[in-house]
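# Coordinate inspection notes
Residue-level listing of the chains:
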Amino acid sequence: MRLQNPRVNGSVGVSLHAKLLDELGQSIVRGDLIPGDPLPNADDWSAAHGVSRTVLREVIKVLAGKGMVESRPKIGTRIRDRSAWNFLDPDVLAWRYGTTTKFEDARALFQLRRAIEPMAGELAAKQATVEQVAMLQRLYEQMELHVDDNERFAEADLEFHQAILRMTGNELFGSLAALTETAMLITFRLSDDNPYGQRPSLPLHKHVLDCIASGNAAGARDGLIELLDRAEADVDRSLATRRKPQP
């Protein structure tokens, strides 16, 4: 599954802004530009990318909002230290997990998910309404139906996990849905060549569903932890395969 950036769709102006933002953001995350470095000359960037200085200024504002750059009088715009970056920002996550991903980066991603999703499952088991459980059941049935279609399975799987966040009764957890969407899309992309397919995960998803439906908070929490453990193992296996030298 490809990790898409929805901002590149739409009008030409939005597309140019999005493409320049992605290019500059990826360049910073890759280390092409390091903390303390000034951004390239605005006129040169504008000419090279066919955008106005206004578009470039808007891109810089967005990057500043993510903690990646800062602008000061007489000094100009420079790259900030990584400690100031908002690594939970969906764009920064997507840039960090681009075409190449290290084992350490994948591990950090799963550590983040483990800090959020098992607790959400526990709360959902205590708070879920009959209607919410019925919706979760429908999403599971979609996963069953499309288990051999990675793209459609991933869509239902993503909605399943996001629904659990919203079932907690805690608006702060619900607001994490965008963050976990990016994290899950990255996970899917890293493991979409899993030779075992998606079938092994179905019983675990069903277990989580049943635990939430029956109010078994500990079971829902532990089921999500096992799901994440297996997903991480799939990603590690995929990364190891991709790193093997080709004959």
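Okay, so let's go over this structure. (Residues numbered from 1 in each chain as written. Predicted model: local features only at pLDDT ≥ 70, side-chain atom pairs only at ≥ 80, totals over all residues. Heavy atoms only, no water.)

## Here we look at the overall build of the chain
Which entries qualify depends on this criterion: Under the DSSP-based scheme used, a helix requires at least four consecutive residues in state H or I and a strand at least two consecutive residues in state E, with every element numbered from the N terminus. Residue contacts are counted whenever heavy atoms from the two residues lie within 4.5 Å of one another. Only the protein chains shown count as cover for residues, and the accessible areas themselves come from Shrake-Rupley with a 1.4 Å probe.
When helices and strands are counted, the chain shows 11 helices and two strands. For the chain, the succession of helices and strands along the chain, N to C, is α-α-α-β-β-α-α-α-α-α-α-α-α. Across the chain, every contact between residues at least 6 apart in sequence was considered, and the portion connecting residues at least 24 apart equals 70%. Only carbon and sulfur atoms are counted for the fraction: they give 53% of the accessible area of the chain, which is about 13100 Å².

## Considering the nonpolar core
Formally: Nonpolar core, defined: a set of buried Ala, Val, Leu, Ile, Met, Phe, Trp, Tyr and Cys residues in which side-chain atoms within 4.5 Å join the residues together. For every residue, the accessible area obtained with a 1.4 Å probe (protein chains only) is divided by the maximum for its type, and the residue is called buried under 20%, exposed over 50%, and partly exposed between those limits.
Of all hydrophobic cores here, the largest spans 41 residues; its most connected members are L136, F160, I164, V208 and I212. Here this core gets eight residues from one element, more than from any other, and that element is helix α11 (residues 217–243). If sequence neighbours within four positions are ignored, V208 has contacts with F160, I164, A220, G223, L224 and L227. Counting 19 residues, the second-largest nonpolar core is a separate cluster that includes L63, V69, I79 and W85.

## Section: the packing of helix α7 (residues 150–166) against helix α10 (residues 202–214)
The line we're drawing: The angle between two axes is taken between their N-to-C directions and runs from 0 to 180 degrees, where each axis is a line fitted to C-alpha atoms and a helix contributes only its stretch in contact. Geometric relationships in this document are graded by angle, where less than 35 degrees denotes roughly parallel, more than 145 denotes roughly antiparallel, 65 to 115 denotes roughly perpendicular, and other angles denote oblique. Rotating anticlockwise by less than a right angle from the far helix to the near helix defines a left-handed crossing, while the corresponding clockwise rotation defines a right-handed one. Under the convention adopted here, Pro, Cys and the residues Ala, Val, Leu, Ile, Met, Phe, Trp and Tyr are nonpolar, Asp, Glu, Lys and Arg are charged, and Gly plus all remaining residues are polar.
In the contact formed by α7 and α10, the axes pass within 12 Å of each other and the chain directions differ by 30 degrees. Considering their axes alone, α7 and α10 lie roughly parallel with respect to each other. Considering the relative orientation of α7 and α10, their crossing is left-handed. Side by side, α7 and α10 meet where F153, D157, F160, H161 and I164 of the first sit next to L202, H205, V208, L209 and I212 of the second. Residues that form the contact of α7 with α10 fall into these classes: seven nonpolar, two polar and one charged.

## Things to note about the pairing of strand β2 (residues 76–79)
Quick reminder of the rule: For two strands to pair, DSSP has to find at least two bridges joining them.
Note that strand β1 (residues 69–72) and β2 share four bridges and pair antiparallel. Directly across from V69, in β2, lies its bridge partner I79. Hairpin connection, β1 to β2: the antiparallel pair is bridged by three residues, and K74 has positive phi, about 70 degrees.

## Looking at a negative patch on the surface
Quick note on the threshold: Here, patches come from residues exposed beyond 30% relative accessible area and free of salt bridges, joined within 9 Å for like charges and within 5 Å for nonpolar side chains (Val, Leu, Ile, Met, Phe, Trp, Tyr). By salt bridge we mean one thing: a side-chain nitrogen of Lys or Arg within 4 Å of a carboxyl oxygen of Asp or Glu. For the purpose of charge, His is not counted, nor are the chain termini; Lys and Arg are scored as positive and Asp and Glu as negative. A charged residue contributes its charge at one atom only: NZ of Lys, CZ of Arg, CG of Asp or CD of Glu.
Taken together, D149, E151, E155 and E159 make up a surface patch of like negative charges. Of note, D149 is situated in the loop between α6 (130–145) and α7. For D149, a relative accessible area of 31% corresponds to the partly exposed category.

## Some points on the environment of D37
Looking at the element boundaries, D37 is found in the loop between α1 (12–30) and α2 (42–49). In sequence terms D37 and R80 are 43 residues apart; their C-alpha atoms lie 8.4 Å from each other. Aside from chain neighbours lying at most four places away, what touches D37 is D32, T77, R78 and I79.

## Looking at the environment of Q132
Inspection of the secondary structure puts Q132 in helix α6. Separated by 35 residues in sequence, Q132 and M167 have C-alpha atoms that sit 6.9 Å apart.

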